[in-house]
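Each chain is listed here by its residues.
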Amino acid sequence: MYSEIKSQPPTLSQCAVAQGDVVIFSYKGSFKEQTSSHILNWIERYLNSNPTVTRPESKKIFKVAVELIQNLIHHSSTSDSSFVFSKSESENRFSLSSTNLVDTKQSNQLVSALCAIKAISEKELRLLKKSVMENENRSDHGGGGMGLLELAKLSNCNIESELLPAHQDKLLFCLTVHLKPIQA
Amino acid sequence: MDNILIPGTSKTPEVSFIAEARTLSLSGRSIPENSINFYASLITWADTLCSSEGVVEVNINLEYFNTSSSKCLMDLLKRIESSNVEAHVNWYYEEDDEDMLEAGEDYDAIIDLPFKLIITEG
């Protein structure tokens, strides 16, 4: 669910980490190609060295990290962006979050896209993704709006967003994707 | 026509496009920040190859690909589909990788070319 905009300025932990979660990795700053490589290499090493994470789980986590981080590269131009990778022992899940500044128009578009995605079934989501894939339209970096659909699909729609006040006419858009272990 | 042989990196796939064998093979991972730049020359190469008749084999054996690469793969396959060549696609996916299997099924449903979904050991 989308929470209402809170009156107090947000902190990184408010945005991205649920109470009780353990932060495995966090980064706040500007996102460039090199930053992305460092973070993804770090996550991959962590996943490869963690025997409790199966390969299918590891691949899902990595794919979500790729989409969130590359989204930050393409859509954030300030050093207010952040990425957090965390784990909840009690709920047995990993969470990955990205936070970046957006203007009102962007926030409306994002909220409406996420509402639409969350309102449809898994089967409909796959059909929607297929239709976007077929569509010739694409953004400058090539995704054509598929990022959110992919994140929703990878997480079985276990995706949350929050808008928090930032400064001037900007809002902080926090997107969190939860991944439960894959059942054998 | 020159071959395209590009070693894989942590973000881009190994590319082996062989003109004489008429094979286009991608393996590894495809998660570049700007996939359009990476795939542009590959699509041009495929266009040239497909301008002459014959059998074309496409091998896609990717561990990961990002959403922008998925659009570029679609472009590549659509270009081959719209040509007059007799092409087929071998789509490899790791055992237990439901996402990659589903991606292969989705391309198969969209692209009018024979697809073979081939399971590999993870």
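The rules behind these values
- Residues numbered from 1 in each chain as written.
- Chains lettered and ligands numbered in written order.
- Predicted model: local features only at pLDDT ≥ 70, side-chain atom pairs only at ≥ 80, totals over all residues.
- Helix = DSSP H or I, 4+ residues; strand = E, 2+ residues; numbered from the N terminus.
- Contact = placed C-beta atoms within 7 Å.
- Axes fitted to C-alpha atoms, helices over the stretch in contact; angles between N-to-C directions.
- Parallel < 35°, antiparallel > 145°, perpendicular 65-115°, else oblique.
- Nonpolar A, V, L, I, M, F, W, Y, C, P; charged D, E, K, R; others polar.
- pLDDT = per-residue confidence, 0-100.
- Core = buried A, V, L, I, M, F, W, Y, C linked by C-beta atoms within 7 Å.
- Buried ≥ 20, exposed ≤ 12 C-beta atoms within 10 Å, placed from the backbone.
- Left-handed = near helix turned anticlockwise from the far one by under 90°.
- Pairing = 2+ DSSP bridges.
- Expected span 1.5 Å × (residues − 1).
- Arc of directions from axis to C-beta.

## Section: the overall build of chain A
A tally of regular secondary structure across chain A gives six helices and five strands. From first element to last, N terminus to C terminus, chain A shows the α and β order α-β-α-α-β-β-α-α-α-β-β. The contacts in chain A between residues at least 6 apart in sequence include a share of 70% that link residues at least 24 apart.

## Here we look at the packing of helix 1 (residues 35–50) of chain B against helix 2 (residues 67–81) of chain B
Residues and elements named next belong to chain B. For the pair helix 1 and helix 2, interaxial distance at closest approach is 9 Å and the crossing angle is 10°. The orientation of helix 1 with respect to helix 2, classified from their angle, is roughly parallel. Residues S35, I36, Y39, L42, I43, A46, D47 and C50 of helix 1 form the contact with helix 2, whose own contacting residues are S68, S69, C72, D75, L76, R79 and I80. Across the contact of helix 1 with helix 2, the residue classes break down as nine nonpolar, three polar and three charged.

## Some words on the confidence of the model for chain B
When the pLDDT values of chain B are averaged, the result is 96; 100% of them are 70 or greater. Scoring the predicted complex yields pTM 0.90 and, for the interface, ipTM 0.92.

## As for the interface of chain B and chain A
Taken together, the 21 residues of chain B in the interface contact 25 residues of chain A. Every element with two or more residues in the side of chain B that touches chain A is listed here: helix 1, helix 2 and helix 3 (98–110) of chain B. At six residues, helix 2 of chain B tops the list of elements feeding residues into the side of chain B that touches chain A.

## Here's the deal with the nonpolar core
Counting 63 residues, the largest nonpolar core has A65(A), L68(A), I69(A), L96(A), L76(B), L77(B) and I80(B) as the members making the most contacts within it. Top contributing element to this core by residue count: helix 3 (residues 55–75) of chain A, with eight residues. In this structure L96(A) touches I61(A), V64(A), A65(A), L68(A), F85(A) and V177(A), once residues within four positions along its chain are discounted.

## Quick look at the packing of helix 5 (residues 122–134) of chain A against helix 6 (residues 147–154) of chain A
Residue and element names in this part refer to chain A. It is at 10 Å that the axes of helix 5 and helix 6 come closest, and there the two elements cross at 150°. One element, helix 5, and the other, helix 6, form an angle in the roughly antiparallel class. Once helix 5 is placed against helix 6, the crossing between them reads as left-handed. When helix 5 is examined against helix 6, the residues L125, R126, L128, K129 and V132 are found in contact with a partner set consisting of L149, A152 and K153. Across the contact of helix 5 with helix 6, the residue classes break down as five nonpolar, no polar and three charged.

## Structural notes on the sheet that holds strand 2 (residues 14–18) of chain B
All names here are of chain B. Taken in spatial order, the six strands make up an open sheet running 1-2-3-4-5-6, and their pairing is mixed. Sheet topology places strand 1 (4–6) and strand 6 (115–120) at the edges, where each strand pairs with a single neighbour. Across this sheet, the average inter-strand angle for adjacent strands is 15°, counted without regard to direction. As paired strands, strand 4 (residues 55–65) and strand 5 (residues 86–94) are joined by six bridges and run parallel to one another.

## Regarding helix 3 of chain B
All names here are of chain B. The first and last C-alpha atoms of helix 3 sit 18 Å apart over 13 residues, in line with the 18 Å expected at 1.5 Å per residue. All buried positions along helix 3 are accounted for by M100, A103, G104 and Y107. For helix 3, the angular spread of buried residues about the axis comes to 100°, placing them on one side. Against helix 2, strand 5 and strand 6 lie the buried residues of helix 3.

## A word on the environment of P181(A)
Residues and elements named next belong to chain A. Note that P181 resides in the segment after strand 5 (171–179). P181 gets classed as partly exposed once you count the C-beta atoms within 10 Å, which come to 14. Those residues in contact with P181 that sit more than four places away from it in its chain are E57 and N92.

## Focus: the environment of V58(B)
All names here are of chain B. Among the structural elements, V58 can be located in strand 4. Sequence separation between V58 and I80 is 22 residues; the distance between their C-alpha atoms is 9.5 Å. For V58, the residues in contact, after removing those within four places along its chain, are L24, I80, A87, V89 and N90.

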